[in-house]
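The residues making up each chain are set out below.
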Amino acid sequence: MLRVVGAEVGAALRARHEADGVEFHLSKLPVRFEGTDRVTGVVLDDGTELPVDVVVEAVGCSPSVEWLAGNGLDLTDGVLCANTMRVIGADNAVAVGDVARFPNPLFDSIPRRIEHWTMAGDTADRAAGTLLGKLPDHRPFTPLPSFWSDQLGMRIQGFGAPALADEYTLVSGSLDGDFAVAGYREGTLIAVFGIGRRRDVSKLRQELLDSAVNSTA
């Protein structure tokens, strides 16, 4: 979770997993499976063989935009959209969900895809307003991304864009227990995440929401 929560928090979460018996083989790639009727082992690129009963393969995702090729659209990473969710280069089309790459003034003017599930509904609402010509006061679209992850009986909750942060600050608690962490970029709060500490996380989340309101004023 280095990209999401930073090195220090990521190391603390890894230590919790290791204390629970999880073994990590980082910077290694699986090169083949062993077994005949069923998988019994995984061989890594350094020659290590791991005995296994179950293999779970997580390969990530990529936007499926090949069918739009040849239409003059920017498909560099998903479908490039304006803040209204209108597709750039196709005035009568909109895109929504994690295939849409759009600028969020809450952070900056750089178009990005956001793969959190909340974006599906948020961008759909915005796109519907665009198609119907009913954008509220023509204010910028500043959705606040949110995510959670359940691990070892603990729930990690986050808001904002932690991957853009250049500094993380422990607001309360300790990394070996419940905690709240704020992420900043050039001194500006852009993310918050934590385990427990709901009051502190909620307070920082409200600061993010307030900054969204201010950015549209």
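Source: prediction; values computed, not measured. (Residues numbered from 1 in each chain as written. Predicted model: local features only at pLDDT ≥ 70, side-chain atom pairs only at ≥ 80, totals over all residues. Heavy atoms only, no water.)

Turning to the sheet that holds strand β5 (residues 100-103), a few remarks are in order. As summarised here, the arrangement of the 3 strands in space is β4-β5-β6, forming an open sheet in which the pairing is mixed. This sheet does not close on itself; its edge strands, each paired only once, are β4 (79-80) and β6 (111-112). Where β4 lies against β5, 2 bridges are found, and the strand directions are parallel. Across the sheet, the residue bridging to Val 79 is Ala 100, located in β5. (Pairing = 2+ DSSP bridges. Helix = DSSP H or I, 4+ residues; strand = E, 2+ residues; numbered from the N terminus.)

Next up on the list: the pairing of strand β10 (residues 179-185). Extensive coverage of β10 is indicated by the burial of 5 of its 7 residues. As paired elements, strand β9 (residues 167-173) and β10 share 6 bridges and run antiparallel to each other. Each bridged residue has a counterpart across the sheet, and for Gly 173 the counterpart in β10 is Phe 179. Two successive antiparallel strands, β9 and β10, enclose a turn made up of 5 residues. Pairing between β10 and strand β11 (residues 188-195): 7 bridges, direction antiparallel. In the sheet register, Phe 179 faces β11, and the bridge partner there is Ile 195. Taking the residues that link successive antiparallel strands as the turn, the β10-β11 hairpin has 2 residues, and the phi of Glu 186 there is positive, at about 50 degrees. (Buried < 20%, exposed > 50% of the residue type's maximum accessible area, 1.4 Å probe, protein only.)

Moving on, we come to unusual backbone geometry. One non-glycine residue, Ser 27, lies in positive phi territory at about 60 degrees. Within the fold, Ser 27 resides in the loop between α1 (2-19) and β1 (30-34). Positive phi is not limited to glycine here, since Met 85 has a value of about 75 degrees. By the element assignment, Met 85 lies in the loop between β4 and β5.

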